[in-house]
Structure formats: C-alpha cells, structure tokens
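# Observations on the model geometry
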Amino acid sequence: MISASASASPVRRTLAAELPRRIGRQVTVQGWLHRRRTLKSVAFLILRDRSGLAQAVVTDPEAMTMVGGYPEETVLQVTGSVTANPQAPGGAEVTSPVVTALSGPAAAPPFDLYRPAVPATLPTILDHAPVALRHPLLRAPHAISAASVAAFRTALDALGFTEIHTPKVVASATESGANVFAIDWFGTRAYLAQSPQFFKQAMVGVFERVYETGPVFRAEPHDTARHLAQYTSLDAELGFITDHREVMAVLREVLAGMTSAVEHHAGEACALLGVELPDVPNRIPEVHFTQAQELLAAHTGEDPRGEPDLAPAHERWLSQWALREHGSEFLFVTGYPMAKRPFYTHPEPGRPQYSNSFDLLFRGLELVTGGQRLHRYEDYLAALTARGESPEPYAGYLAAFRHGMPPHGGFALGLERWTTRLTRADNIRRATLFPRDLHRLTP
C-alpha cells in the first residue's frame, strides 16, 4: 500500500538541478514519478520537478516492493544521500533513499510523459492539457512565453513606462466592428474588450507612457492555425512623439530585450525545442505598403495593387524578401490604407488615404500592429463622421481628448503568435495555455 506522509514538519527541499552541487550530502527531493525502471536487484526512480529530472536508486528488497506499486505521475518525496554518477540525469543520483508518497496513486496520463517525443495528436493534448503539459516538450513553449512577458515589462520599465490594468468588460466596441462578444452586464449590453486601446490612450494623459499585458477577445469566426478567440496582448502606448517611427523604435528595443531574456532565462526550453532565436537588427528594415504591393506585383505573378491589406501569402513572401535583401527576420510594413485601420489612426501627412501605422512581420506572419493615433478632439469627430458613425457610443473615450492630449502612438504584440514563431510550431494552440477558439471552451 502507498502511504501518505504523516509528518507536518517543514522539509528542506532540494531541486533536481541542485543535486550535482550536493554530492555526499543528505537531501530531500520532491516531485512526480516521471519513470520507473525495475530490474532484478535494483529499481530506478526518475523524479520530475520544475528544475528537471532526478534519479533515485532503490536496492532494498522491501523498498523495491513498495515503490513497485507507485504509478507514474504519483507525487513522491525521496530522502537519501547524493552520489556522483555520470550516467544519471545531471551526473548525480540519490542513493539509500527513503521514499514517501505525497499523493494518492496517480491515474494513468493520456500518453507516456517520459517518452522523448510526444506520441499524441493536438486534440488529445488540448483535451488533457492539465496533465499533457507536464511533458517537457509541451511545457517548454510556456517557459519561453513567461520569459518573454517578464522581459516586455523590464524593457518598458527601463524606458519610463508605467504598467496599468484595465477593464475587460466595456460599453462599446474598440475597433468599430462587429467582431465582438456581447454579454449581459446586469441588464445592460456590454462587450468583452477587443483591446485596451481606449484605456491606454487615456492613460497617456496621466502617465505619458503606459503598458499592459492581458487577455483580449475577438469574435472572428476564423478556424485556422494562426487565430484564437482569446489571446494575450502585450500593449504599449507613449506620448509626445513626432510620428509612428518613434513607436517602432521602442518596439525594436522591446523585441531585443525579449529575445535576450528568452536566451538567458529559458535557454533549456529553447535547447529542448531546437529554437533558433532571431537577431534583432539595430534598425529593422521597413517598406511602405505601396512599395510592398509593387514588389509583390513585380515578383510574385500576382497584382495586389488596389487591395487594402496584405494576404497571408504576401506576408510570407515579404518576410522572405526581407531575409534575402536585408538579412532580417523582421520587417516593418508602414502606411497601410486608412480604410483598413481603426478610426483613431493618424493619417499620413500629404497622403491622407494612407496612415501613420505599421505592421511588424516576423517569419512570415504579422506579429505586431501599431502606429500614431489622432490626439485632437475635433479630428476624432471628423474621423467618425467620415465613417458614418455617431460619436455618441464613444463619448467616454472622446472626453479625454477635450482636455488636452499630446501626440501619441503605440502597439500591440500577440504573445502566442510570438511564441509560435519563435518555436516554429505548426499551430498557435501549441503555444497557448487552454486555448479558446470556435470549438473549444474546455478545459
């Protein structure tokens, strides 16, 4: 029978990764039973904790009989002496162990978590995510995401930004579109926020430079490997700018910081997945939307001129062009048509049909959208009128601009897309904890 620990006294825990520094000492390791191999006169227990794997060697016949009843994924505590062994994980193992179960016998996982590869389809992984994500390969992208978010904060903190937290239930749609989730808010119609755009612009009037990390919701009926209905947006907004290129310069610093942090703080995860981190150029190459269309027309056999946006195939081609011509996996496309940008976007001086906005392409996919915003109250009224919209639903948002707002702009970066492109995953859901899309609301 497997017994639970009866001791309530604190345990000084040693992590698996620390064992090589504890040779000759008594330690207590706690973790999940990742793998058990039982031979005639010895049993090897491989424990998994947040730092890696640890091996315990059981030779006592009675203890071998007891540990033989521990199913994989049972949570164990192992106390023993650390002995050097080059063949053990990390070059050290726990010998003469006392093994105690800290959980009941674990039910079998949906697939073997100890195997080097993942022998399961994506639906199986997503259906059983709380357990499936224990596999080191499936856990690794989320370690990369965590390092990325921490670096996003660090980079912007260093540039004088203030972190904010804004509502995710709003009274009006941010993007003037229909792709919103409507909800009943105590008898009043409300929406899940498409972005923190209105709030972060208002906070430029308070802090000048702000950022937020949080969920956003898009009721777009996409069923693709690159879209989600809920994702994590890394947003920034800054005041007292000249135009959108100052926003692009800040974004470049953020990307450099995120890439460096992933290398230093999620290096093991990168190595496990074979991640090749990009070089972030001191100046990311850029091409105006009209020039991008000329390139596509000249070299792809297609003529997208006159279209208000870039198709996914065009984004891929332009990324390949930037890599060939500039040696960069990043490319700014600037000057998108105003018709395809939200009403708060600042037009391009001299060419009002185009905008002071940009998308950042990374490895063939749009990763970031940003630009300069309107900042004068009367310009907002004119922009809404030109689109045939009433300013009334936006009264609360527009009020800030009646009280003096500086020229400002910002950007939004999709965390899951960033991680997907870094890891070259074939589906954004592999870089998403508990994805929400057209078909999935659980687990």
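Residues numbered from 1 in each chain as written. Predicted model: local features only at pLDDT ≥ 70, side-chain atom pairs only at ≥ 80, totals over all residues. Heavy atoms only, no water.

Attention now goes to the overall build of the chain. Along the backbone of the chain there are 12 helices and 18 strands. Seen along its three principal axes, the alpha-carbon backbone of the chain occupies a region of about 85 × 55 × 40 Å. The buried share of the chain, taken over its 443 residues, is 49%. Surface summary for the chain: the accessible area is close to 21,000 Å², and the carbon and sulfur share equals 53%. Here the chain carries 42 positive and 45 negative side-chain charges, and the mean point of each set is 6 Å from the other. (Helix = DSSP H or I, 4+ residues; strand = E, 2+ residues; numbered from the N terminus. Buried < 20%, exposed > 50% of the residue type's maximum accessible area, 1.4 Å probe, protein only. Areas by Shrake-Rupley, 256 points an atom, 1.4 Å probe, with all protein chains shown as cover. Lys, Arg positive; Asp, Glu negative; His and termini not counted. Charge placed at Lys NZ, Arg CZ, Asp CG, Glu CD.)

Relative orientation of the contacting elements helix 8 (residues 289-299) and helix 9 (residues 312-326) amounts to 90 degrees, with a least axis distance of 11 Å. One element, helix 8, and the other, helix 9, form an angle in the roughly perpendicular class. Of helix 9, the residues touching helix 8 (which contributes Ala292, Leu295, Leu296 and His299) are His314, Trp317, Leu318 and Trp321. Across the contact of helix 8 with helix 9, the residue classes break down as 6 nonpolar, 2 polar and no charged. (Axes fitted to C-alpha atoms, helices over the stretch in contact; angles between N-to-C directions. Parallel < 35°, antiparallel > 145°, perpendicular 65-115°, else oblique. Contact = heavy atoms within 4.5 Å. Nonpolar A, V, L, I, M, F, W, Y, C, P; charged D, E, K, R; others polar.)

Turning next to the packing of aromatic side chains. What the rule picks out here adds up to 17 aromatic pairs. Look at phenylalanine 330 and phenylalanine 362: their rings are 4.5 Å apart centre to centre, the planes differ by 10 degrees, and that puts the pair in the stacked class. In this pair, phenylalanine 330 is assigned in strand 13 (residues 330-334) and phenylalanine 362 in strand 16 (residues 357-362), connecting sequence segments 32 residues apart. The class for phenylalanine 330 is buried, based on a relative accessible area of 0%. Judged by centre distance (5.6 Å) and plane angle (70 degrees), the rings of phenylalanine 343 and tyrosine 344 are edge-to-face. One exposure class covers both phenylalanine 343 and tyrosine 344, and it is buried. These aromatic residues form a ring-pair network of at least three members: Phe198, Phe343, Tyr344, Tyr380, Tyr394, Tyr397 and Phe401. In this arrangement the basic side chain of arginine 35 is found over the ring face of tyrosine 114, its NZ or CZ atom lying 3.8 Å from the centre. For the cation-ring pair, arginine 324 lies above tryptophan 317, with the distance from its terminal atom to the ring centre recorded as 5.7 Å. (Phe/Tyr/Trp six-rings, centres within 6.5 Å; stacked < 30°, edge-to-face > 60°. Lys NZ or Arg CZ within 6 Å of the ring centre and 35° of its normal.)

Along its 15 residues, helix 9 runs 21 Å from first to last C-alpha, staying within 8% of the 21 Å computed at 1.5 Å per residue. Residues of helix 9 that are buried include every one of His314, Glu315, Trp317, Leu318, Ser319, Trp321 and Ala322, and no others. Looking at the buried side of helix 9, the elements it contacts are helix 8, strand 13, strand 16 and strand 17 (365-373). Looking one or two residues beyond helix 9, the residue adopting positive phi is glycine 327, at roughly 65 degrees. (Expected span 1.5 Å × (residues − 1).)

Time to look at the side chain of glutamate 237. Position of glutamate 237 among the secondary structure elements: in strand 11 (residues 230-239). A residue is classified by how much of its surface remains accessible, and glutamate 237, at 0% relative accessible area, is buried. Looking at glutamate 237, its side chain comes within polar contact range of the side chain of lysine 200, at 3.3 Å. (Polar contact = N/O pair within 3.5 Å; in protein donor to acceptor, adjacent residues only side chain to side chain.)

Summary statistics for the chain give a mean pLDDT of 95 and a share of 97% for residues scoring 70 or more. Across residues 1-6 the pLDDT falls below 50, and counting only partners more than four positions away or on other chains, this stretch makes 13 contacts in the model. (pLDDT = per-residue confidence, 0-100.)

Let's shift gears to the pattern of salt bridges. Overall, the coordinates contain 23 salt bridges when judged by the stated rule. The residue lysine 200 makes a salt bridge to aspartate 235 at a minimum N-O spacing of 2.8 Å. Placement of lysine 200 in helix 5 (residues 197-207) and of aspartate 235 in strand 11 is noted, with a sequence separation of 35 residues between them. Each member of the pair, lysine 200 as well as aspartate 235, is classed as buried. Measuring nitrogen to oxygen at the nearest pair gives 2.7 Å for the salt bridge that ties arginine 363 to glutamate 329. With arginine 363 in the loop between strand 16 and strand 17 and glutamate 329 in the loop between helix 9 and strand 13, the pair connects residues that are 34 residues apart, well separated along the chain. By the burial criterion, arginine 363 is buried, and glutamate 329 matches it. Overlapping salt bridges, with partners in common, bring together Lys200, Asp235, Glu237 and Arg373 in one network. (Salt bridge = Lys/Arg side-chain N within 4 Å of Asp/Glu carboxyl O.)

Our focus in this paragraph is the sheet that holds strand 7 (residues 169-170). Within a sheet, adjacent strands bond to each other through the backbone by hydrogen bonds, running parallel or antiparallel. Here we have 3 strands laid out as an open sheet, ordered 7-9-8, and antiparallel in their pairing. Looking at which strands have only one partner, the edges of the open sheet turn out to be strand 7 and strand 8 (182-185). The pairing of strand 8 with strand 9 (residues 188-192) spans 4 bridges and is classified as antiparallel. By the bridge assignment, aspartate 184 is partnered in strand 9 with arginine 189. (Pairing = 2+ DSSP bridges.)

Each pair of packed helices can be described by the angle between their axes along with the distance between the axes. Where helix 4 (residues 136-158) contacts helix 6 (residues 244-265), the axes come no closer than 8 Å and their chain directions differ by 135 degrees. Between helix 4 and helix 6, the crossing angle belongs to the class labelled oblique. The chirality of how helix 4 crosses helix 6 is right-handed. Touching Ile144, Ala147, Ser148, Ala151, Phe152, Ala155 and Leu156 of helix 4 are Val250, Glu253, Val254, Gly257, Met258, Ala261, Val262 and His265, all from helix 6. Tallied by class, the residues present in the contact of helix 4 with helix 6 amount to 11 nonpolar, 3 polar and 1 charged. (Left-handed = near helix turned anticlockwise from the far one by under 90°.)

What follows concerns the pairing of strand 16. Summarising burial for strand 16: 6 of the 6 residues are buried, a large majority. Both strand 13 and strand 16 contribute to a ladder of 5 bridges, which runs antiparallel. What sits directly across from phenylalanine 332, in strand 16, is leucine 360. With 6 bridges joining them, strand 16 and strand 17 adopt antiparallel strand pairing. Residue pairing in the sheet places aspartate 359 in a bridge with threonine 369 of strand 17.

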